[in-house]
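# A closer look at the structure
The chain contents come next:
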Amino acid sequence: MSCDEAGSSRSPALDSGRRGPMIPADRLPEKTTSSLDLLDGIRVIDLTSSVAGPYAGQMLGDLGADVIKVETPGRGDDCRSWGPPFLDGESLWFLSVNRNKRSVAFDIASDEGHETLLGLVAGADVVLVNTTLRIQRKLRIDHATLSAVRPDLVHVSITGFGMSGARADMPCYDLIAEGISSVMDMTGELDGPPQKVGTPAADLLAGEDAALAAIAALFRRTRTGQGAAVDVSLVSSMTRFMAPRLMPHLGSGDAWTRSGGRDSVIAVYQAFDTADDPITLGLGNDAIWKRFWHALGDPETGSDPRFATNAMRREHRPEIVARIADILRTKPSAHWLALFAETRIPSGPINRLDQVGEDADLIEQGFLYSFDRDGTRFPQVGLGIAFDGHSEGATRPPPRLGEHTREVLGKP
């Protein structure tokens with residue numbers, strides 16, 4: 001993820017202080033539940049910045065690990081400057097991927113800082129880094145160096161292209177990985193330009209992969225005592241995300257093209273206009289196909305032998321889509337969504353961000369919530385995974401730069 005994608009860079013100090021008007025976060029419930037304990041006793045040293053690495057650290061922290069975020073004094077994580085918008089002097093991009101961590105600030109490139117880092121690593125289980133191998137070696141944070149002080153260390157590298165190969169030393173951001181993986185070529189309308197996904201998808205997927213890999217390596221360590229050098233790349237994570245598109249090409253030679261809000265495999269799987277707002281509709285199997293036409297009061301179409309299978313419906317897709325489109329335009333979206341909910345037809349609204357932020361179910365589930373820090377409500381988007389009915393706790397809001405240096409290092 002680059003600063004260009006996040007917005008123009010500007011000092012957080014320009015927006016520091018609580019704004020007067022109410023913001024959506026003020027309406028979110030405050031979460032006060034205790035932390036999950038799945039990774040209790042595991043310490044993670046997070047040396048990463050931007051999105052992918054911090055997201056991995058946040059996931060591990062959500063699961064109960066003690067995550068220590070090491071940042072450069074005075075500047076910190078690159079993402080701290082990504083804005084506007086800022087909230088109470090903090091970048092909201094930064095706030096989205098850094099909860100449940102403690103921040104310490106020292107220069108890991110200096111000899112003194114390196115010794116401090118080695119002291120932390122000696123008592124840690126996992127280290128997260130997001131620089132190429134050449135830079136890791138220069139900073140002395142590579143697996144060989146750090147595992148010398150902690151032989152069973154799980155060392156997780158998150159890079160653009162992986163730790164080996166012709167592109168291993170090349171810089172990479174989410175945008176570049178989305179282009180290389182073909183997701184941009186497969187996103188958007190056929191007659192329009194390639195489109196980036198509307199969130200840093202490669203960053204977030206690679207961050208999830210890094211957290212998953214760290215946990216898997218820790219699980220093996222409980223059996224063997226062996227550490228691990230984990231290699232995660234944005235390009236690999238994003239390309240694996242494309243497997244349902246890439247595999248059909250590899251197995252058939254067909255060159256698939258982007259199809260906008262319409263799926264090119266399932267015969268009816270797209271957005272439709274209604275009398276007011278558009279909705280999505282997915283008729284993914286034969287039973288749903290028949291149930292859909294029963295709901296519309298036209299069971300004859302549902303049982304028409306010409307449309308008996310998905311393959312047959314694909315042959316007649318233009319005719320089918322045109323017919324459904326004519327019907328759905330006759331009534332507003334609320335009518336159709338209520339009908340389809342009652343008859344269990346996969347459908348939904350196409351929400352704006354403000355509508356997602358007011359989703360009653362997501363708020364009730366504790367997925368959207370807030371932290372209170374000195375009178376400012378900081379919004380959070382939750383882990384979304386429950387264990388025994390309980391998801392991540394609200395132990396620590398995203399930290400200020402160096403907030404926990406004295407606490408962690410015992411130094412002034």
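The structure reproduced in this document is the subject of the present report. (Residues numbered from 1 in each chain as written. Predicted model: local features only at pLDDT ≥ 70, side-chain atom pairs only at ≥ 80, totals over all residues. Heavy atoms only, no water.)

## Digging into the overall build of the protein chain
Within the protein chain one finds 18 helices and 13 strands. Summarising its shape, the C-alpha atoms of the protein chain cover approximately 75 × 55 × 40 Å along the three principal directions. For the protein chain, buried positions account for 45% of its 412 residues. Contacts in the protein chain between residues far apart in sequence, at least 24 positions, make up 72% of those at least 6 positions apart. Accessible area of the protein chain: about 20,000 Å², with a carbon and sulfur share of 55%. In the protein chain, the 43 positive side-chain charges and the 56 negative ones have mean positions that sit 2 Å from each other. (Helix = DSSP H or I, 4+ residues; strand = E, 2+ residues; numbered from the N terminus. Buried < 20%, exposed > 50% of the residue type's maximum accessible area, 1.4 Å probe, protein only. Contact = heavy atoms within 4.5 Å. Areas by Shrake-Rupley, 256 points an atom, 1.4 Å probe, with all protein chains shown as cover. Lys, Arg positive; Asp, Glu negative; His and termini not counted. Charge placed at Lys NZ, Arg CZ, Asp CG, Glu CD.)

## A few points about the pattern of salt bridges
Inspection of the entire model under this criterion finds 32 salt bridges. Asp111 is the salt-bridge partner of Arg140, the closest N and O atoms lying 3.4 Å from each other. One end of the pair, Arg140, is in the loop between helix 5 (133-139) and helix 6 (143-147); the other, Asp111, is in helix 4 (residues 111-122), with 29 residues separating them in the sequence. Overall, Arg140 belongs to the partly exposed group, its relative accessible area being 27%. Asp298 serves as the salt-bridge partner of Arg323, at 2.7 Å between the closest nitrogen and oxygen. Taken together, the residues span a long stretch of sequence, with Arg323 in helix 14 (residues 317-328) and Asp298 in the loop between helix 11 (286-295) and helix 12 (299-302) at a distance of 25 residues. It is possible to trace a salt-bridge network through shared partners that takes in Glu71, Arg80, Asp88, Glu90, Arg373, Asp374 and Arg400. (Salt bridge = Lys/Arg side-chain N within 4 Å of Asp/Glu carboxyl O.)

## Let's talk about the nonpolar core
Core analysis: the biggest nonpolar cluster contains 54 residues, and Val44, Leu60, Val126, Val156 and Ile158 have the highest contact counts within it. Among the elements of the structure, helix 2 (52-62), helix 3 (92-95), strand 6 (126-129), strand 7 (154-159), helix 8 (201-224), strand 8 (228-233), helix 9 (234-241) and strand 12 (368-373) are those that each provide at least two residues to this core. Excluding its chain neighbours within four sequence positions, the residues that come into contact with Val156 are Val126, Val127, Leu128, Val129, Ala210, Ala214 and Val230. Val268, Phe272, Phe307 and Leu328 belong to the second largest nonpolar core, which has 20 residues in total. (Core = buried A, V, L, I, M, F, W, Y, C linked by side-chain atoms within 4.5 Å.)

## Structural notes on unusual backbone geometry
Of the consecutive residues Gly83 and Pro84, the connecting peptide bond is found in the cis state with omega at 0°. By the element assignment, Pro84 lies in the loop between strand 2 (66-71) and strand 3 (86-87). Not every positive phi belongs to a glycine, and Asp88 is a case in point at roughly 55°.

## As for the pairing of strand 10 (residues 279-283)
The buried count for strand 10 comes to four of five residues, which makes it a mostly enclosed element. For strand 9 (residues 268-272) and strand 10, the ladder comprises five bridges, and the chain directions are antiparallel. Directly across from Ala271, in strand 10, lies its bridge partner Thr280. Here three bridges tie strand 10 to strand 11 (residues 347-349), and the two strands are oriented antiparallel to one another. (Pairing = 2+ DSSP bridges.)

## Some words on the packing of helix 7 (residues 174-181) against helix 8
At a closest axis distance of 7 Å, the pairing of helix 7 and helix 8 adopts a crossing angle of 90°. Regarding the angle of helix 7 to helix 8, the classification is roughly perpendicular. Across from Asp174, Ala177 and Glu178 in helix 7, the residues of helix 8 making contact are Ala201, Ala202 and Asp203. Here the contact of helix 7 with helix 8 is composed, by residue class, of three nonpolar, no polar and three charged. (Axes fitted to C-alpha atoms, helices over the stretch in contact; angles between N-to-C directions. Parallel < 35°, antiparallel > 145°, perpendicular 65-115°, else oblique. Nonpolar A, V, L, I, M, F, W, Y, C, P; charged D, E, K, R; others polar.)

## Topic: the pairing of strand 2
Counting buried positions over the six residues of strand 2 gives five, a clear majority of the element. In this sheet, strand 2 lies alongside strand 1 (residues 43-46) in parallel orientation, the contact comprising four bridges. Residue pairing in the sheet places Arg43 in a bridge with Asp66 of strand 2. Chirality of the crossover, the property in question, places the unit of strand 1, helix 2 and strand 2 among those that are right-handed. Relative to strand 5 (residues 102-105), strand 2 runs parallel, the two being bridged by four bridges. Its bridge partner being in strand 5, Lys69 is matched across the sheet by Ser103. (Right-handed = clockwise from strand over helix to strand, strands pointing away.)

## Here's the deal with the packing of helix 11 against helix 14
Angle between the axes and distance between the axes are the two parameters that describe a pair of packed helices. Where helix 11 contacts helix 14, the two axes come as close as 13 Å, and the packing angle between them is 35°. Where helix 11 crosses over helix 14, the two elements pack in a sense that is left-handed. The residues of helix 14 that touch helix 11, namely those facing Trp289, Phe292 and Trp293, are Ile320, Arg323, Ile324 and Ile327. The residue inventory of the contact of helix 11 with helix 14, partitioned by class, reads six nonpolar, no polar and one charged. (Left-handed = near helix turned anticlockwise from the far one by under 90°.)

## So, the packing of aromatic side chains
This model, assessed by the stated rule, comprises seven aromatic pairs. With a centroid separation of 5.8 Å and an interplanar angle of 80°, the aromatic rings of Trp289 and Phe307 are classed as edge-to-face. Here the residue Trp289 occupies a position in helix 11, and Phe307 occupies one in the loop between helix 12 and helix 13 (310-315), the gap between them amounting to 18 residues. Of the two residues examined, Trp289 and Phe307, each falls in the buried class. Between Phe292 and Phe340 the ring centres are 5.7 Å apart and the planes differ by 45°, which places this aromatic pair in the tilted class. In this pair, Phe292 is assigned in helix 11 and Phe340 in helix 15 (residues 333-342), connecting sequence segments 48 residues apart. Residues Phe292 and Phe340 agree in their burial class; the two are buried. Chaining the aromatic ring pairs together yields one cluster made of Trp289, Phe292, Trp293, Phe307, Trp336 and Phe340. Geometry around Tyr369 places Lys31 over its ring, the cationic atom sitting 4.1 Å from the centre. (Phe/Tyr/Trp six-rings, centres within 6.5 Å; stacked < 30°, edge-to-face > 60°. Lys NZ or Arg CZ within 6 Å of the ring centre and 35° of its normal.)

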